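Residue-level structure breakdown
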Amino acid sequence: MGSTLLGLDGQPRCRWCAAAPEFLHYHDTEWGFPVTDDHHLFEKLCLEGFQSGLSWRTILVKRENFRQAFLGFDYRRIARFGAPDVERLLGDSGIVRHRGKIEAVIHNARMAEEMAQREGSLASYFWRHEPDPAQLAEPQTASASSQALSKVLKKQGWKFVGPTTVYAFMQAAGLINDHAADCVTRARVEQARRALTLSAA
């Protein structure tokens, strides 16, 4: 089975985007495009943690509810959450009501606050972990870079940041362009990544 399939427009796309109606737009406009905003980076890492043991569709269809419940993933505000907020979130049917994952988001918000103070921003830290594209395996194959970043984050005290979660985060945030080689969106992502590199130069 190939890594792509033809869409209704006749263009090849990563095969996974046909698995649910919500995936096509996400694939074409968001997945893999470079993210440099700290709140969006924190959101992506948290949502990948929530996905653990679940389907991405479950998370994607609830994403606006997650954003509302977690104040737009403003980690500085989430870091002030306490026990009453945990109970409130556990009663929110619009999100995944998993105590461990909810508490991990609050804990990680405090870790993110420390990271931003130490590193200047989450973006400056995470983008330092962007792997050399020339050293990556075939698209959609877990890389050593995600394992290394997972190990570092765990050492710093972050929770729900195993290698699989971190790899999915790196894919989603554009730290890796993991679109299939002949996917029509891959070139657009690469163009966005080059523009980011030029703007940082």
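Every value quoted in this text rests on a predicted model; they were computed, and no experiment measured them. (Residues numbered from 1 in each chain as written. Predicted model: local features only at pLDDT ≥ 70, side-chain atom pairs only at ≥ 80, totals over all residues. Heavy atoms only, no water.)

1. Some thoughts on the pattern of salt bridges
Pairs can form between side chains of opposite charge whenever their charged atoms are close. Going through the model one piece at a time under the given rule, you end up with 15 salt bridges. Between Arg128 and Glu119 there is a salt bridge, with its nearest N and O atoms 2.6 Å apart. Residue Glu119 is classed as partly exposed on the basis of its relative accessible area, which comes to 24%. Salt-bridge contacts for Glu130 lead to Arg193; the nearest nitrogen and oxygen are separated by 2.8 Å. In this pair, Glu130 is assigned in the loop between helix H8 (122–127) and helix H9 (144–156) and Arg193 in helix H11 (residues 184–200), connecting sequence segments 63 residues apart. Its relative accessible area of 31% is what places Glu130 among the partly exposed residues. Using a relative accessible area of 7% as the deciding quantity, one classes Arg193 as buried. (Salt bridge = Lys/Arg side-chain N within 4 Å of Asp/Glu carboxyl O. Buried < 20%, exposed > 50% of the residue type's maximum accessible area, 1.4 Å probe, protein only. Helix = DSSP H or I, 4+ residues; strand = E, 2+ residues; numbered from the N terminus.)

2. Digging into the environment of Val96
For Val96, the location among the structural elements is in the loop between helix H6 (83–90) and helix H7 (99–119). Overall, Val96 belongs to the buried group, its relative accessible area being 13%. Taking the C-alpha atoms as reference, Val96 lies 7.9 Å from Ile59; in sequence the two are 37 residues apart.

3. A few points about the nonpolar core
Phe42, Phe66, Phe70, Ile78, Phe126, Leu153 and Trp158 are the most contacted members of the largest nonpolar core, which totals 52 residues. Among the elements that line this core, the one with the most residues is H7, at eight residues. Sequence-distant contacts of Trp158, that is, excluding residues within four places in its chain, are made with Phe42, Leu45, Asn108, Met111, Ala112, Met115 and Leu153. (Core = buried A, V, L, I, M, F, W, Y, C linked by side-chain atoms within 4.5 Å. Contact = heavy atoms within 4.5 Å.)

4. Re the layout of surface pockets
By volume, the largest pocket amounts to about 290 Å³. The wall of the largest pocket is formed by 13 residues, among which Glu48, Gln51, Trp56, Ala168 and Gln171 lie closest to the centre. Those elements giving two or more residues to the lining of the largest pocket turn out to be helix H1 (23–29), helix H2 (38–51) and helix H10 (163–173). The residue makeup of the lining of the largest pocket, split by class, is seven nonpolar, five polar and one charged. (1 Å grid on protein atoms, 1.4 Å probe; cavity = no way out; pocket = protein on both sides within 12 Å on 5 of 7 lines; lining within 4 Å. Points joined across faces, edges and corners; volume = space filled by probe spheres on them. Nonpolar A, V, L, I, M, F, W, Y, C, P; charged D, E, K, R; others polar.)

5. Brief notes about the environment of Leu45
Looking at the secondary structure, you find Leu45 in helix H2. For Leu45 and Arg194, which are 149 residues apart along the polypeptide, the C-alpha to C-alpha distance reads 23 Å.

6. Some remarks on the packing of H2 against H7
At a minimum axis distance of 10 Å, the contact between H2 and H7 shows a crossing angle of 155 degrees. One way to sum up the angle between H2 and H7 is to call them roughly antiparallel. As H2 packs across H7, the resulting crossing turns out to be right-handed. Contacts between H2 and H7 involve Phe42, Cys46, Gly49, Phe50 and Gln51 on the former and, on the latter, Lys101, Ile102, Val105, Asn108, Ala109 and Ala112. In terms of residue class, the contact of H2 with H7 is built from seven nonpolar, three polar and one charged. (Axes fitted to C-alpha atoms, helices over the stretch in contact; angles between N-to-C directions. Parallel < 35°, antiparallel > 145°, perpendicular 65-115°, else oblique. Left-handed = near helix turned anticlockwise from the far one by under 90°.)

7. Some remarks on empty space enclosed by the protein
Per the counting criterion, the structure on display carries three cavities of 30 Å³ or more. The space that makes up the largest cavity amounts to roughly 70 Å³. Lining the largest cavity, in full, are Leu45, Cys46, Gly49, Phe50, Lys101, Ala104, Val105, Asn108, Lys159 and Phe160. Contributing elements (two or more residues each) for the lining of the largest cavity: H2 and H7. The class makeup of the residues in the lining of the largest cavity is six nonpolar, two polar and two charged. The space that makes up the second largest cavity amounts to roughly 40 Å³. Contributing to the lining of the second largest cavity are Tyr26, Glu30, Glu43, Lys44, Leu47, Glu48, Trp56, Arg63 and Ala172. The greatest single-element share of the lining of the second largest cavity, amounting to four residues, is contributed by H2. Residue classes in the lining of the second largest cavity are distributed as four nonpolar, no polar and five charged.

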